[in-house]
Amino acid sequence: MKHYDEEEDFHARDRKQFRKERKLAQSTDRSKFKKTDLPSAGIKPILAQDHLHFGRVLSISGEGSWVDCEGKLYLCSLKGLLKKEKSLTKNLIAVGDIVHFEILSEKAGAIVQVSPRLSHLSRTDISGRKEQLIAVNVDIAVISVSLVEPPLKPSLVDRYLIAAEKGNLHPVIVINKVDLLETASEEEKELYRDFLSAYEPLGYPVLSVSTATGVGIESLKSLLQNKTSVFSGQSGVGKSSLLNACFGLTLKTGELTQKTAKGAHTTTMAELIALPGGGYCVDTPGIRSFGIWSLKKEEVITHFHDMAAFGENCKFPDCMHISEPSCAVIQALEEGKIAPLRYESYQTLLNESMSGDGKTSWG
Ligand code: GDP
Ligand code: ZN
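Residues numbered from 1 in each chain as written. Chains lettered and ligands numbered in written order. Predicted model: local features only at pLDDT ≥ 70, side-chain atom pairs only at ≥ 80, totals over all residues. Heavy atoms only, no water.

Draft legend 1. Representation of the overall build of the protein. Looking only at helices and strands, one finds eleven helices and 13 strands in the protein. Per-residue burial over the protein gives 49% buried out of 363 residues. Counting contacts in the protein only where the partners sit at least 6 residues apart, residues at least 24 apart contribute 68% of the total. Accessible surface computed for the protein: about 18,000 Å², of which carbon and sulfur atoms make up 53%. (Helix = DSSP H or I, 4+ residues; strand = E, 2+ residues; numbered from the N terminus. Buried < 20%, exposed > 50% of the residue type's maximum accessible area, 1.4 Å probe, protein only. Contact = heavy atoms within 4.5 Å. Areas by Shrake-Rupley, 256 points an atom, 1.4 Å probe, with all protein chains shown as cover.)

Here is the structure:
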């Protein structure tokens, strides 16, 4: 009997969500500006030299950057001057970059300059000391999580929400594998419900989908139509399956080791894939950890919009909202005005920002 009620609840939620998603999709469609429209969006070559060409970086390998210039691909190296640039960024070029390059031969070129970026998704590199750009000039960060396998981890979602906000991307939260709800444990179902009630009020689209049954895929597709989106999230949540389902691609799915073991795609780097209907998508295979680059402890609360306003009423101006007396955030939590999942996430990310190594593995 209980099981039946939950099913009902789930379907009612599904219908409600569909209406919400449609509304969101329509509102997103109205946005006039796309980051993929860079050349027409006012980014001009800084060096207006005739011999330079304008292109978009689609992928990066050990050999260089693959740059698309009006449908032709050039494998480009970096001009010496660029390489010498001292920077806190590990990679000087990222997928999605709009670059100026010299054509050296039929298929080779040299990048002279990188256009200013309108958005970026980055993380802390493996050393913990540098920023690693994952993709740039992207409109939407599809924050992918799954139910049951791998289990839903709210703090991962917050990690990406903060990175998206810092990098000027619109987040869309996608909960994949909702088909597994049917056989999920009570605990897993409860976590899913708690997650929805904590994250839906934040105002970002939250879609429950399944590539196995097709549920929610149309709504996701309409949100991503004609945009550039980067699919991020833990390995195994179904990013490649989602990209295949949304865009008719044929990316390998399944175990990461199998995906990368054989064939041409021995690399696990991000790649910008042009979509038939316009726009691009980026898969991010092989990212095993995601530490937010340059997150100061005082900054963490400012990204938790549902909690930040309470923080203004704390007794101490430098309150970190952990165990200080007269903390308005803790009081709001106790009064049920802040979702416990969000507060737990806040604690996790605050601890991480204080430990300073920025290396966060999700195992
Ligand atoms: P990625 O590592 O995030 O790219 O994940 P994949 O797309 O490779 O998928 C990982 C595994 O999850 C594969 O075995 C898929 O078949 C499975 N999977 C993907 N989507 C779903 C879904 O909606 N439901 C279920 N039950 N399994 C799925
Ligand atoms: Zn406080």
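Draft legend 2. Molecular detail of the packing of aromatic side chains. Under the counting rule described, the total for this entry stands at six aromatic pairs. Between Phe-304 and Tyr-346 the ring centres are 5.7 Å apart and the planes differ by 80°, which places this aromatic pair in the edge-to-face class. Linking Phe-304 in the loop between helix H8 (297–303) and helix H9 (305–311) with Tyr-346 in helix H11 (residues 340–355), this pair joins segments that are 42 residues apart in sequence. Phe-304 gets classed as buried once you look at its relative accessible area, which sits at 1%. Judged by its relative accessible area of 0%, Tyr-346 is buried. An aromatic cluster is present here, built from Phe-304, Tyr-343 and Tyr-346 joined pairwise through their rings. (Phe/Tyr/Trp six-rings, centres within 6.5 Å; stacked < 30°, edge-to-face > 60°.)

Draft legend 3. Structural detail: the coordination of the zinc ion (ligand 2). Ligation of the zinc ion (ligand 2) by protein atoms is provided by Cys-314 (SG), Cys-319 (SG), His-321 (ND1) and Cys-327 (SG), these donors lying 2.1 to 2.4 Å from the ion. Seen from the zinc ion (ligand 2), its four donor atoms lie at angles of 99 to 116°, and the figure they make is tetrahedral. (Donors = N, O, S within 2.8 Å, 3.2 Å for Na, K, Ca; no water. Tetrahedral: all angles 85-135°; square planar, octahedral: opposite > 155°, others 65-115°.)

Draft legend 4. Here's a closer look at helix H6 (residues 239–247). Across the nine residues of H6, seven count as buried, placing the element largely inside the fold. Among the residues of H6, Lys-239, Ser-240, Leu-242, Leu-243, Asn-244, Cys-246 and Phe-247 are the ones counted as buried. Phi for Gly-248, located one or two positions after H6, is positive at around 65°.

Draft legend 5. Layout of helix H4 (residues 186–199). A rise of 1.5 Å per residue sets the reference length of H4, with its 14 residues, at 20 Å; its end C-alpha atoms lie 20 Å apart and thus fit the reference within 8%. Considered for burial, the residues of H4 that qualify are Lys-189, Tyr-192, Phe-195, Leu-196, Ala-198 and Tyr-199. (Expected span 1.5 Å × (residues − 1).)

Draft legend 6. Quick look at the packing of helix H5 (residues 217–224) against H6. H6 packs onto H5 with a crossing angle of 80° between their chain directions and a minimal axis gap of 9 Å. Put simply, H5 runs roughly perpendicular to H6. Contacts between H5 and H6 involve Ile-217, Leu-220, Lys-221 and Leu-224 on the former and, on the latter, Leu-242, Ala-245, Cys-246 and Phe-247. A breakdown of the residues in the contact of H5 with H6 according to their chemical character gives seven nonpolar, no polar and one charged. (Axes fitted to C-alpha atoms, helices over the stretch in contact; angles between N-to-C directions. Parallel < 35°, antiparallel > 145°, perpendicular 65-115°, else oblique. Nonpolar A, V, L, I, M, F, W, Y, C, P; charged D, E, K, R; others polar.)

Draft legend 7. Structural view of unusual backbone geometry. A cis amide bond, omega -10°, links Glu-149 with the succeeding residue Pro-150. Position of Pro-150 relative to the elements: it lies in the loop between strand S8 (140–146) and helix H3 (154–167). Residue Lys-177 is not a glycine yet carries a positive backbone phi of 70°. Its identity as a non-glycine residue notwithstanding, Asn-226 has a phi of 65°, on the positive side. Structurally, Asn-226 can be placed in the loop between H5 and strand S11 (228–232).

Draft legend 8. The arrangement of the confidence of the model for the protein in detail. Summing up the model confidence of the protein, the mean pLDDT is 84 and the portion of residues at 70 or higher is 79%. Confidence drops under a pLDDT of 50 for residues 39–48, and excluding neighbours within four residues, the segment shows 16 contacts in the predicted structure. Long-range and interchain partners of residues 261–267, a stretch whose pLDDT sits below 50, account for six contacts in this model, where long-range means more than four residues apart. (pLDDT = per-residue confidence, 0-100.)

Draft legend 9. Representation of the nonpolar core within the structure. Ranked by internal contacts, the top residues of the largest apolar core, which has 56 residues, are Val-157, Ile-175, Phe-195, Tyr-199, Val-230, Met-307 and Tyr-346. The element contributing the most residues to this core is H3, with six residues. Apart from residues no more than four positions distant in its own chain, Phe-195 is found in contact with Leu-152, Pro-154, Val-157, Ile-173, Ile-175, Glu-200, Val-206 and Leu-341. (Core = buried A, V, L, I, M, F, W, Y, C linked by side-chain atoms within 4.5 Å.)

Draft legend 10. Just the pattern of salt bridges, in detail. Inspection of every chain in the model, using the stated rule, returns ten salt bridges. Glu-299 is the salt-bridge partner of Lys-166, the closest N and O atoms lying 2.7 Å from each other. Here Glu-299 lies in helix H8 and Lys-166 lies in helix H3, a separation of 133 residues in the sequence. With a relative accessible area of 30%, Lys-166 lands in the partly exposed category. Of the charged contacts in the structure, one is a salt bridge between Lys-221 and Glu-218, with a shortest N-O distance of 3.7 Å. In this pair, Lys-221 and Glu-218 both sit in helix H5, three residues apart, roughly one turn of the helix. Among the residues examined, Glu-218 registers a relative accessible area of 55% and is labelled exposed. Shared partners join several salt bridges into a network, and the residues in it are Asp-158, Asp-306 and Arg-342. (Salt bridge = Lys/Arg side-chain N within 4 Å of Asp/Glu carboxyl O.)

Draft legend 11. Region of interest: the pairing of strand S12 (residues 271–274). Of the pairings in the sheet, the one linking S12 to strand S13 (residues 280–283) comprises four bridges and is antiparallel in character. Across the sheet, Glu-271 pairs through a bridge with Asp-283, a residue of S13. Hairpin connection from S12 to S13: five residues lie between these consecutive antiparallel strands, with Gly-278 at a positive phi of about 100°. (Pairing = 2+ DSSP bridges.)

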